[in-house]
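Here is how the chains run, residue by residue.
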Amino acid sequence: MSPRPSPRIRRFVAAGSALATTTLGLGLAGAAPATAAGVTHPFPTHVTYQVGVMPSTSQSARDAAVEKEYDSWKADYLVHGCASNEYYVSTKGDSDARDNGPVSEGQGYGMNIVPLMAGYDPNARTEFDGLWQLVKDHRDQWGLMQWQLDGRTCEYYSSGTPDAATDGDLDIGYGLILADRQWGGYTADAKAWLADVYAHDVAPDGHLKCEDDGPNTDTRPSDSMIDHLRAFAAYDPAHDWTKVLDRTQAVISEFTHGYSAKGGLLSDFVVNADTTSPKPAPADYQEDQPDNIVGYNSIRVPWHLGTDALLYGSSTAAVSYTTAKLESACLKGESGGNPQKVYPHTKLNCTPYSTSDQAEEAGDAVGPAAMAAGDRAWTDAIWKQLGTNPFGDGYYGESIKMLVYLVMSGDYWKP
């Protein structure tokens, strides 16, 4: 999500006036042999996760579902532009940027999705290079991607000096590592990018800031991509990513202990993140929705923490595993086991803030947490929903769906 109020949030306020198959074994499966020149992990690369359950449907059916969704996502959102050697992820359907232009969050999603689909998509490397080229051509003063671009001019147009959003920065960095493991040749770019992220998105105590020019006192839990931080620590020993990992996990534990011990939920924005007593931000802290509860930012948390638990297990990823299990149970209870009734705006006590707003991505994002929790029925319900689009989700929901599909299908390998 962007570091400034976005049209998606304003649309919500207008629409919702009341709101002003089997248990998995241990270990990660080895990479499949390359079936295309230069592709190390061709899709589908079947992974055995460390904990949890898979959807009950067969592996071949899961792979086919991912391929179908990718074809749809690519046709709708992957745009060849702004220049002849550039690609970007359109924000069509959500109006997060003028004229369906790109935001750094979406560019990061694309730079994760495309290398994971290499082998199925013969043009994946060309598309990835185009996504990366657009990032390089639209940097802010700190060397990170300007968070919001006009779809016609391809120029930054938001208020103030161009700045970058931490979620996009992290996903772009992870995408570069995926590309380096998939095709090779991105090491220098990846390490230079991670150096800039570490220098400008990390607060002195190690927690993640919301944007590169933001204060050192707040954080956005949807940026807590713990699996990314583990990969950064292994890939980039020149920077103390373990410090970032440890502090990010500590903020999660400290916050949930104080404000959502039963549900494990985290508010969209958190303040006092540089202390041992982080707390929900004021309701109107950054965006046109209550920032002190779960909203369109923090609906992503169970996806991120669940994925970390699946990849790294209940011991290494103990904070993610414990929190994901709580979140899964909390949101299943809120919805009565119906993913469509996981509401985008949920109080920290596991009750909906409003039922006037619905979005598929709120339920989809719970999928990895449900898997990690070992709840087969809940996992199957969410997997079934992935094959639909009941509320007409646009770029944001469909991009989250694509990445959740990759995780839930067992095709999400760690670099």
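So, here is what we can say about the structure in this document.

## What about helix α3 (residues 104-116)?
Here's step 1: Taking 1.5 Å of rise per residue, the 13 residues of α3 would be expected to cover 18 Å, and the 19 Å separating its terminal C-alpha atoms lies within 8% of that figure.
Here's step 2: Burial runs high along α3: 13 of the 13 residues are buried.

## A look at the pattern of salt bridges
Here's step 1: For the structure on display, the rule yields 14 salt bridges.
Here's step 2: A salt bridge links Asp150 to Arg98; its shortest N-O distance comes to 2.7 Å. Of this pair, Asp150 sits in the loop between α4 (124-137) and α5 (166-182) while Arg98 is found in the loop between β2 (87-89) and α3, placing the two residues 52 residues apart along the sequence.
Here's step 3: In this structure, Asp375 and Lys332 form a salt bridge, with 2.9 Å as the shortest nitrogen-oxygen distance. Of this pair, Asp375 sits in the loop between α12 (367-373) and α13 (376-386) while Lys332 is found in helix α10 (residues 318-335), placing the two residues 43 residues apart along the sequence.
Here's step 4: Residue Lys332 is classed as partly exposed on the basis of its relative accessible area, which comes to 30%.

## Things to note about the state of the cysteines
Here's step 1: The full count for this structure, using the stated rule, is 2 disulfides.
Here's step 2: The partner cysteine of Cys82 in its disulfide is Cys154, sulfur to sulfur 1.7 Å. Around the S-S axis, the bridge from Cys82 to Cys154 shows a dihedral of about -95° and counts as left-handed. One end of the pair, Cys82, is in the loop between β1 (78-80) and β2; the other, Cys154, is in the loop between α4 and α5, and 72 residues separate them in sequence.
Here's step 3: Judged by its relative accessible area of 8%, Cys154 is buried.
Here's step 4: In this model, Cys330 is linked to Cys350 through a disulfide, with the two sulfur atoms separated by 2.2 Å. Judged by the torsion about the S-S bond (-125°), the Cys330/Cys350 disulfide is left-handed. Here Cys330 is found in helix α10, whereas its partner Cys350 is found in the loop between α10 and α11 (360-364), with 20 residues between them in sequence. Cys350 shares its class with Cys330; the two are buried.

## Regarding the nonpolar core
Here's step 1: Among the nonpolar cores identified, the biggest contains 109 residues, and Tyr49, Phe128, Leu176, Trp193, Trp241 and Leu406 are the most heavily contacted of them.
Here's step 2: It is helix α14 (residues 395-409) that contributes the most residues to this core, 10 residues altogether.

## Thoughts on the side chain of Asp411
Here's step 1: In this structure, Asp411 sits in the segment after α14.
Here's step 2: Looking at Asp411, its side chain comes within polar contact range of the main-chain nitrogen of Thr45, at 3.5 Å.
Here's step 3: Of the polar contacts made by the side chain of Asp411, one reaches the side chain of Ser409; its length is 2.8 Å.
Here's step 4: Ignoring anything within four residues of it in the chain, the contact list for Asp411 reads Phe43, Pro44, Thr45, His46, Tyr49, Gln59, Asp63, Val66 and Leu406.

Each value, and the rule that gives it
- Residues numbered from 1 in each chain as written.
- Predicted model: local features only at pLDDT ≥ 70, side-chain atom pairs only at ≥ 80, totals over all residues.
- Heavy atoms only, no water.
- Helix = DSSP H or I, 4+ residues; strand = E, 2+ residues; numbered from the N terminus.
- Expected span 1.5 Å × (residues − 1).
- Buried < 20%, exposed > 50% of the residue type's maximum accessible area, 1.4 Å probe, protein only.
- Salt bridge = Lys/Arg side-chain N within 4 Å of Asp/Glu carboxyl O.
- Disulfide = S-S within 2.5 Å.
- Core = buried A, V, L, I, M, F, W, Y, C linked by side-chain atoms within 4.5 Å.
- Polar contact = N/O pair within 3.5 Å; in protein donor to acceptor, adjacent residues only side chain to side chain.
- Contact = heavy atoms within 4.5 Å.

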